[in-house]
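# Commentary on secondary and tertiary structure
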Amino acid sequence: LDEPARTERIELLRRLCHERGERCTVQRRVILETVLEFDNHPSADQIFDAVDTRLPGIARTTVYRALDHLARVGVITKACHPGPVARFDPRLELHHHLVCLRCNEFFDFENDSLNKMKIPDTSAFGFEVNDYRVQLRGICKSCKESEKKEESK
Ligand SMILES: [Zn+2]
Ligand SMILES: [Zn+2]
C-alpha cells in the first residue's frame with residue numbers, strides 16, 4: 001500500500017481498538033505498518049523477520065498473536081491458501097486470488113462478475129458469512145515456464 005493508504009489504515013486501527021476498548025500498542029502499530037509495506041501476501045514468518053529489525057528481540061509468538069489480533073479487528077485479512085504457514089493480505093476490499101498449486105504462490109485477481117456473486121444462504125449450517133474470496137487454482141506463469149524448460153532438456 002502507498003503511504004497515504006498506510007496512514008489511513010493505522011488511523012483505522014486506532015479507531016477500531018478504541019471502539020473495542022483495547023489499547024493500540026506501539027507493537028501492534030509497528031506490526032501493522034510492516035504488513036502494509038509488503039505488496040503481496042506475506043507469510044507470518046516473513047512478517048516476523050521484517051518486524052524483528054524494527055523491534056529487536058520481539059518473540060515470534062507475540063508477532064503471530066498480534067497478526068491474528070489485527071485480522072480479527074479487521075485491519076488486515078487472513079488469506080486462505082494451500083501452503084503450510086499463515087499468510088496475510090493487506091488489502092481489505094473485495095478481490096480474488098489466483099492460486100498456484102505447484103509453488104503455493106498466489107496473486108490478486110480483480111473481476112467484476114466475481115465481485116457481484118450472490119452469497120448463498122448458509123444459515124442451515126449456523127454459519128455467518130462475513131465476506132468471500134474466490135480462488136482460481138492452477139499453475140502460475142513461472143512454474144509453467146520452468147516446466148517447459150524441464151521438458152526441453
Ligand atoms: Zn507457481
Ligand atoms: Zn489478496
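Residues numbered from 1 in each chain as written. Chains lettered and ligands numbered in written order. Predicted model: local features only at pLDDT ≥ 70, side-chain atom pairs only at ≥ 80, totals over all residues. Heavy atoms only, no water.

### Here's the deal with the pattern of salt bridges
Counted by the stated rule, this structure contains 12 salt bridges. Put simply, R14 and E11 hold a salt bridge, and the shortest N to O gap is 2.6 Å. With R14 and E11 both in helix α1 (residues 3–19), this residue pair falls three residues apart, about one helical turn. Of the residues examined, R14 reaches a relative accessible area of 36% and is grouped as partly exposed. (Salt bridge = Lys/Arg side-chain N within 4 Å of Asp/Glu carboxyl O. Helix = DSSP H or I, 4+ residues; strand = E, 2+ residues; numbered from the N terminus. Buried < 20%, exposed > 50% of the residue type's maximum accessible area, 1.4 Å probe, protein only.)

### Some thoughts on the coordination of the zinc ion (ligand 1)
With distances of 2.3 Å, the protein atoms coordinating the zinc ion (ligand 1) are C100 (SG), C103 (SG), C140 (SG) and C143 (SG). Sequence spacing of the donors to the zinc ion (ligand 1): C-x2-C-x36-C-x2-C. Classification of C100 by relative accessible area gives buried; the value is 1%. A relative accessible area of 38% places C103 in the partly exposed class. (Donors = N, O, S within 2.8 Å, 3.2 Å for Na, K, Ca; no water.)

### As for the nonpolar core
If you look at the biggest cluster of nonpolar residues, it comprises 24 residues, and the most contacted ones within it are I31, L32, V63, L67 and V75. Breaking this core down by element, the ones donating at least two residues are α1, α2 (26–37), α3 (44–54) and α4 (60–73). If near-sequence neighbours (up to four positions away) are discounted, V63 is found in contact with I31, I47, F48, V51 and I58. (Core = buried A, V, L, I, M, F, W, Y, C linked by side-chain atoms within 4.5 Å. Contact = heavy atoms within 4.5 Å.)

### Some words on the packing of α1 against α2
If you want to describe how two helices pack, look at the angle between their axes and the distance between the axes. It is at 10 Å that the axes of α1 and α2 come closest, and there the two elements cross at 145°. Crossing hand, α1 versus α2: right-handed. Each of R6, R9, I10, L13, R14 and C17 in α1 lies in contact with α2, whose residues at this interface are R28, R29, L32, E33, L36 and E37. Grouping the constituent residues of the contact of α1 with α2 by class yields five nonpolar, no polar and seven charged. (Axes fitted to C-alpha atoms, helices over the stretch in contact; angles between N-to-C directions. Left-handed = near helix turned anticlockwise from the far one by under 90°. Nonpolar A, V, L, I, M, F, W, Y, C, P; charged D, E, K, R; others polar.)

### Points about the environment of I119
With respect to the secondary-structure elements, I119 resides in the loop between α5 (112–115) and β5 (135–138). Given a relative accessible area of 36%, I119 falls into the partly exposed group. Those residues in contact with I119, other than ones at most four positions away along the chain, are V129 and Y132.

### Overview of the side chain of H95
By the secondary structure assignment, H95 is in the loop between β2 (87–89) and β3 (96–100). According to the relative accessible area criterion, H95 is buried, its value standing at 0%. A polar side-chain atom of H95 sits 3.1 Å from a polar atom in the side chain of H97. Discounting residues that sit within four places of it in the chain, H95 has contacts with H41, D89, D108, F109, E110 and R133. (Polar contact = N/O pair within 3.5 Å; in protein donor to acceptor, adjacent residues only side chain to side chain.)

### Concerning the coordination of the zinc ion (ligand 2)
Protein coordination at the zinc ion (ligand 2) comes from H41 (NE2), D89 (OD), H95 (NE2), H97 (NE2) and D108 (OD), with a distance range of 2.1 to 2.2 Å. Of note, the zinc ion (ligand 2) draws all its donor residues from one chain, in the sequence arrangement H-x47-D-x5-H-x1-H-x10-D. One end of the pair, H41, is in the loop between α2 and α3; the other, D89, is in strand β2, with 48 residues separating them in the sequence.

### Quick word on the pairing of strand β4 (residues 106–109)
Pairing of β3 with β4, which is carried by four bridges, proceeds in the antiparallel orientation. Opposite H96, over in β4, you have F109 as the bridge partner. Linkage of β3 to β4, two consecutive antiparallel strands, is achieved through a turn of five residues, within which N104 is found at a positive phi near 65°. (Pairing = 2+ DSSP bridges.)

### Observations concerning the side chain of S43
Summarising the element assignment, S43 is placed in the loop between α2 and α3. By relative accessible area, which is 10% here, S43 ends up buried. Contacts of S43, omitting those with residues within four sequence positions, involve V85, A86 and R87.

Geometric descriptors of this kind do not, in isolation, establish any biological role.
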